[in-house]
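An overview of the molecular structure
What follows is each chain in one-letter form.
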Protein chains: 2
Amino acid sequence: MNEQDLRVIKTKKNLQLALIQLLKEKDLEKIKVTELCRLSGITRRTFYLHYENVRKYFEEFIEQLLEELEQSMEKTTKYRMMTNQQLVPNMIHLFEHVYLNKESYQFIFSGNSNFAYYQMFFKRIKVIVKSSMELMDLDHELTDFQVAYQANAILGMILEWYFENFQKSVEEMNRLLMTSLRI
Amino acid sequence: MNEQDLRVIKTKKNLQLALIQLLKEKDLEKIKVTELCRLSGITRRTFYLHYENVRKYFEEFIEQLLEELEQSMEKTTKYRMMTNQQLVPNMIHLFEHVYLNKESYQFIFSGNSNFAYYQMFFKRIKVIVKSSMELMDLDHELTDFQVAYQANAILGMILEWYFENFQKSVEEMNRLLMTSLRI
DNA sequence: AAATTTATTACACAGATGTATAATAAAAAT
DNA sequence: ATTTTTATTATACATCTGTGTAATAAATTT
């Protein structure tokens, strides 16, 4: 499959439009390949030529989010390095990114979602947190478990935010993260 | 449905035996209701009279694990309260419980698993961590987000342990948790 | 603009899901 | 021990999944 081929691009665009619409209407687990294809006007056979199953399709969808998330977190680290300042709430861009992509996170964190998606976040945030921790704590030797601890702690706050239906503001979340980091 | 009814008990027992066997043979997502029923000698109709779908069935299975997990974590807190000692590695019983139930956790944390199962752990550990934090830090006012942070941090270590295929010993995990708690 | 490549379709099939209905058999209540 | 209750079964049906094959049409290459 040539991802540059106009036909492929068109197919995937139609598929994504259908997905976004269906996500507004119904639960993740209720979205069938059949329906996705009917709505996007492609045949099921075409879908299966691209993806093994629905989960693999969503993973591609999520990969796009991860790119953005990475950029927003690196923004924070880079700024700290350049100005050599201590971390303050308005330097954090993570929650801003999450809030802007609320709808997507709403389906990723839903109970019907697949654990593989969460793992994608866990793994990516670990990489980011690790390089950030290494830059800040040059003297300490870091284990993978300390990184996993910190990375998942942050994910815990996002998850809690999701459970509270994103009621707290981005600024409030930034402040809350700071208090936990200082404990 | 009367859960005490001998017929129900028999049905569920047969189902669980079939599940455990199938989990050894194949991936979680590959286990079909049809197969589960064929192996346990019950009809598919009976299965659906008890559970909405496979996920709901697993949730019941996991609930049993959560009971044990809760007890092992409370053991730690209670001992601390009684002896009024500072937390030391050999007081932690959490990882011991996880290790003993390795097989179960292996399927809960697999990529094919459902995020709902993880959420069950998240929610339960939050409750436990909260009461533990409140007992220790009587002066501080706790937000749900601080609790979520700590609870998920611990889950992060378990998750990392799973990814490393439980190579580290229970004692090592206890020590590793201590270092992260002190950061 | 014509030839070539290849993504998409149309159609078909075995097996799975989820649900409905009446018949049956096993347990509980009397 | 008999009656009553109800969990389980047998059977059937519409819909969905995942895959195979040959025909078609759209894009790329020449």
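This one's a predicted model, so the numbers in the text were calculated from it and none came from an experiment.

What counts, and where the lines are drawn
- Residues numbered from 1 in each chain as written.
- Chains lettered and ligands numbered in written order.
- Predicted model: local features only at pLDDT ≥ 70, side-chain atom pairs only at ≥ 80, totals over all residues.
- Heavy atoms only, no water.
- Helix = DSSP H or I, 4+ residues; strand = E, 2+ residues; numbered from the N terminus.
- Buried < 20%, exposed > 50% of the residue type's maximum accessible area, 1.4 Å probe, protein only.
- Contact = heavy atoms within 4.5 Å.
- Areas by Shrake-Rupley, 256 points an atom, 1.4 Å probe, with all protein chains shown as cover.
- Lys, Arg positive; Asp, Glu negative; His and termini not counted.
- Charge placed at Lys NZ, Arg CZ, Asp CG, Glu CD.
- Near = heavy atom within 4 Å.
- Polar contact = N/O pair within 3.5 Å; in protein donor to acceptor, adjacent residues only side chain to side chain.
- Nonpolar A, V, L, I, M, F, W, Y, C, P; charged D, E, K, R; others polar.
- Salt bridge = Lys/Arg side-chain N within 4 Å of Asp/Glu carboxyl O.
- Patch = residues over 30% accessible without salt bridge, like charges linked within 9 Å, V, L, I, M, F, W, Y side chains within 5 Å.
- Least-squares fit on C-alpha atoms with pLDDT ≥ 70 in both.
- Phe/Tyr/Trp six-rings, centres within 6.5 Å; stacked < 30°, edge-to-face > 60°.
- Domains from an automatic or database assignment.
- Buried area = accessible area lost by both parts, 1.4 Å probe.

Here we take up the overall build of chain A. A tally of helices and strands in chain A yields nine helices and zero strands. Scanning chain A from its N terminus toward the C terminus, one meets helices and strands in the order α-α-α-α-α-α-α-α-α. Among the 183 residues that make up chain A, the fraction classed as buried is 51%. Across chain A, every contact between residues at least 6 apart in sequence was considered, and the portion connecting residues at least 24 apart equals 63%. With the model as given, the accessible surface of chain A reaches about 9,700 Å², and the carbon-plus-sulfur share is 50%. Here chain A contributes 24 positive and 25 negative side-chain charges, whose respective centroids are spaced 7 Å apart.

This part is about the side chain of B:His97. All names here are of chain B. With respect to the helices and strands, histidine 97 occurs in helix 5 (residues 94-100). Relative accessible area serves as the criterion here: at 5%, histidine 97 is assigned to the buried category. Ignoring anything within four residues of it in the chain, the contact list for histidine 97 reads Leu65, Glu68, Leu69, Ser72 and Tyr105.

With that settled, consider the protein's contact with DNA strand C. Surrounding DNA strand C, one finds 23 residues, the nearest of these being A:Thr11, A:Thr46, A:His50, B:Thr34 and B:Tyr48. Protein-proximal atoms of DNA strand C, defined as those within 4 Å of the protein, fall in sugar or phosphate at a share of 66%. The contact in question runs from a phosphate oxygen of DNA strand C to an N or O atom on the side chain of A:His50, over 2.6 Å. Between a phosphate oxygen of DNA strand C and a side-chain N or O atom of B:Thr34, the distance comes to 2.4 Å. Of all the secondary-structure elements, those providing two or more residues to the surface near DNA strand C are helix 1 (6-25) and helix 3 (44-50) of chain A together with helix 1 (6-25), helix 2 (33-40) and helix 3 (44-50) of chain B. Here the element with the most residues in the surface near DNA strand C is helix 3 of chain A; it accounts for four residues. Among the residues forming the surface near DNA strand C, the class breakdown is seven nonpolar, seven polar and nine charged.

Residue and element names in this part refer to chain A. Located in the positive-phi region is asparagine 165, a residue other than glycine, with phi close to 60 degrees. Among the secondary structure elements, asparagine 165 is positioned in the loop between helix 8 (144-163) and helix 9 (170-182). Take asparagine 165: its relative accessible area is 52%, and that puts it in the exposed class.

Before going further, it helps to examine the pattern of salt bridges. Side chains that differ in sign of charge can pair as their charged atoms come close. Residues and elements named next belong to chain A. Within the structure shown, the criterion is met by 24 salt bridges over all chains. A salt bridge links lysine 12 to glutamate 3; the nearest nitrogen and oxygen atoms lie 2.8 Å apart. Among the salt bridges present, the one from aspartate 5 reaches arginine 7, with a minimum N-O distance of 3.0 Å. Overlapping salt bridges, with partners in common, bring together Glu63, Glu67, Glu70 and Arg124 in one network.

A few words on a nonpolar patch on the surface. Taken together, the side chains of A:Met81, A:Leu135 and A:Met136 present a nonpolar region at the surface, about 230 Å² in accessible area. Counting through the fold element by element, A:Met136 comes out in helix 7 (residues 115-136).

For the match of chain A to chain B, the screw axis carries a shift of 0.0 Å, the RMSD comes to 0.2 Å, and the turn is 179 degrees. What the rotation and shift describe, once combined, is the action of a two-fold rotation axis. Of all interface residues in chain A, 100% are interface residues in chain B too; the two copies therefore contact each other through one and the same surface.

Residues and elements named next belong to chain A. Throughout the structure, instances matching the rule amount to 42 aromatic pairs over all chains. A ring pair is formed by tyrosine 105 and phenylalanine 121, whose centres lie 5.4 Å apart and whose planes are at 55 degrees; its orientation type is tilted. Note that tyrosine 105 is positioned in helix 6 (residues 102-108) and phenylalanine 121 in helix 7, a separation of 16 residues in sequence. The same class applies to tyrosine 105 as to phenylalanine 121, namely buried.

Residues and elements named next belong to chain A. Parsing chain A into structural domains produces domain 1 (1-50) and domain 2 (55-182). One C-alpha centre belongs to domain 1, the other to domain 2; they are set 29 Å apart. Each partner contributes residues to the interface: domain 1 has 10 residues there, and domain 2 has 10 residues. Ranking the residues of domain 1 by area buried against domain 2 places Gln16, Leu19 and Leu28 at the top, with a combined share of 53%. Joining domain 1 to domain 2, the criterion identifies one salt bridge. Where glutamate 60 meets lysine 12, a salt bridge forms, and the shortest distance between an N and an O atom there is 3.3 Å. It is helix 1 that provides the largest number of residues to the side of domain 1 that touches domain 2, a total of five residues. Among the residues forming the side of domain 1 that touches domain 2, the class breakdown is six nonpolar, one polar and three charged.

Okay, the interface of chain A and chain B next. Contacts between the two partners involve 43 residues from chain A and, on the opposite side, 43 residues from chain B. Counting the surface chain A buries against chain B, the share from its top three residues, A:Phe115, A:Phe145 and A:Tyr149, is 25%. Joining chain A to chain B, the criterion identifies four salt bridges. Of the charged contacts in the structure, one is a salt bridge between A:Lys126 and B:Glu160, with a shortest N-O distance of 2.5 Å. Taken together, the connections running from chain A to chain B amount to 16 residue pairs in polar contact (both at pLDDT 80 or more). Sorting the residues of the side of chain A that touches chain B by element identifies helix 7, helix 8 and helix 9 of chain A as the ones contributing at least two each.

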